[in-house]
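Below are the chains, spelled out letter by letter.
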Amino acid sequence: MSLSDKDKESSDIRSAIKYFALISQIGLQFIFCVLLGGFFGLKLDGFFNTTPLFSLIGLIMGIIGGAFSVYRLIFASEK
Amino acid sequence: MGEFGVIKTIDIAIPYIGMVQVNPTTIFTTWAICLFLLVVASVVSYKLRKIPSRFQAFVEIIYEAFYNLTVETIGEGAEKFVPFILTLFLFVLFSNWVSLIPGLESPTADLNTCLGLGLLAFIVAHSSSILYKGIGGYLKMYVEPFPFLLPSNIISEIGKLISHSFRLFGNIYAGGIVVNLIPVIVLKLLGSTGIILLLFMMPLLKGFFDVFVGAIQAFVFALLAAAYISVLR
């Protein structure tokens, strides 16, 4: 095996470990964004007495935020 | 973490802030690990040779692995983040492994340590983004791709910080609880004969949760910090 083959192999292993770490974070990050959106919405509903308007908006914002943050995390790792 | 996850705290009065609850074990082990890492770093960097000793070669292999990983993840200008990412990895690694010493507890089994480390990575990522893009470019990121997504972008940034911290805390804390709980279950089920089984099983369990899971979580924590820096650039 030549030196460049060894370099390529170690680079592949590094990439595999990196993707394993990132993929294991995706679900957690998405869930926390949805929960945070719901939490902020619930607090605003409590403050303005508008249940369930802000809770729904918060949940939707959380879902969109979670999706964007997961998308950015995946594409940033492609640099 | 004390017996079955009960945290033993003491109250300390801080001027202008008031009474603050602190976990003395966490503070002691955190400082001890910092001191240990400082001593090791001083010893390693004291006599660097062109033909390295075994220990120097071992440290160089670790540094090179993290250098390549950080450069691959962050991209342009990643070199200046290598010491930060490697320090984060070594601190979390030894924090996870310190519970192998009887009487000591992992500082990472305390949420305050994990949140502190997560906050550190968060501040480094955001400040590097401001330095790289300028304040205008940094703020513009929050209204992309559409301005009405500003709350979503703010939520996703806070979500990143919380998921980064809770992931480490959850894994280490849960591992500690399982290691504490299994001897009780085995002794309840098997009685005194369970002691013989525990003699063989406990080193394996400790080895798995503290050494293996601890090393993986330390690596993932450092890698995610690099990924978050990369996302914001």
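These numbers come from a predicted model, not from an experiment.

(A) The overall build of chain A, seen in detail. Scanning chain A from terminus to terminus reveals two helices and zero strands. Over its C-alpha trace chain A gives a radius of gyration of 20 Å, far above what one expects of a compact globule, namely 12 Å for 79 residues. Across its three principal axes, chain A shows a C-alpha extent of roughly 70 × 15 × 10 Å. Burial statistics for chain A: of 79 residues in total, 32% are counted as buried. When contacts within chain A are restricted to residue pairs at least 6 apart in sequence, those whose partners lie at least 24 apart make up 57%.

(B) Seen up close, the packing of helix H4 (residues 111–140) of chain B against helix H5 (residues 150–190) of chain B. Residues and elements named next belong to chain B. Packing of H4 against H5 leaves a shortest axis separation of 8 Å and a crossing angle of 140 degrees. Compared by their axis directions, H4 and H5 come out oblique. Relative to H5, H4 is oriented so that their crossing is right-handed. Where H4 abuts H5, its residues Leu-111, Cys-114, Leu-115, Leu-117, Gly-118, Leu-119, Ala-121 and Phe-122 lie against Leu-161, His-164, Ser-165, Leu-168 and Phe-169.

(C) Representation of the interface of chain B and chain A within the structure. Contact with chain B, which involves 25 residues of that partner, is made by 24 residues of chain A. Sort the elements by how many residues they give to the side of chain B that touches chain A and H5(B) lands first, with 11 residues. Taken together, the residues of the side of chain B that touches chain A sort by class into 13 nonpolar, nine polar and three charged.

(D) Main features of the nonpolar core. In terms of nonpolar packing, the biggest core is built from 40 residues, with Leu88(B), Val92(B), Ala222(B) and Ala225(B) touching the most fellow members. Looking at this core, the elements that each hand over two or more residues are helix H1 (3–48) and helix H2 (53–76) of chain A together with helix H2 (54–74), helix H3 (82–97), H4, H5 and helix H6 (194–231) of chain B. By residue number, the principal contributor to this core is H6(B), which donates 12 residues. Once residues within four sequence positions are removed from consideration, Val92(B) is found in contact with Thr108(B), Leu117(B), Leu168(B), Ala218(B), Phe221(B) and Ala222(B). Residues Phe32(A), Phe40(A), Met61(A) and Ile64(A) belong to the second largest nonpolar core, which totals nine residues.

(E) Region of the structure containing H2(A). The terminal C-alpha atoms of H2(A) lie 34 Å apart, and with 24 residues this matches the ideal 34 Å at 1.5 Å per residue to within 8%. Inspection of H2(A) places Phe54(A), Ser55(A), Gly58(A), Met61(A), Gly62(A), Ile64(A), Gly65(A), Gly66(A), Ser69(A), Leu73(A) and Ala76(A) among the buried residues, and these make up the whole buried set.

(F) Layout of the pairing of strand E2 (residues 18–22) of chain B. Residue and element names in this part refer to chain B. The element E2 is barely covered by neighbouring structure, given that only zero of its five residues are classed as buried. Alignment of strand E1 (residues 10–14) against E2, held across five bridges, turns out to be antiparallel. Looking at E2, one finds that Asp-11 is bridged to Gln-21. In this antiparallel pair of consecutive strands, E1 and E2, the connection spans three residues, and Tyr-16 shows a positive phi of 70 degrees.

Basis of the calculations
- Residues numbered from 1 in each chain as written.
- Chains lettered and ligands numbered in written order.
- Predicted model: local features only at pLDDT ≥ 70, side-chain atom pairs only at ≥ 80, totals over all residues.
- Helix = DSSP H or I, 4+ residues; strand = E, 2+ residues; numbered from the N terminus.
- Rg over C-alpha atoms; globule rule 2.2 N^0.38 Å.
- Buried ≥ 20, exposed ≤ 12 C-beta atoms within 10 Å, placed from the backbone.
- Contact = placed C-beta atoms within 7 Å.
- Axes fitted to C-alpha atoms, helices over the stretch in contact; angles between N-to-C directions.
- Parallel < 35°, antiparallel > 145°, perpendicular 65-115°, else oblique.
- Left-handed = near helix turned anticlockwise from the far one by under 90°.
- Nonpolar A, V, L, I, M, F, W, Y, C, P; charged D, E, K, R; others polar.
- Core = buried A, V, L, I, M, F, W, Y, C linked by C-beta atoms within 7 Å.
- Expected span 1.5 Å × (residues − 1).
- Pairing = 2+ DSSP bridges.

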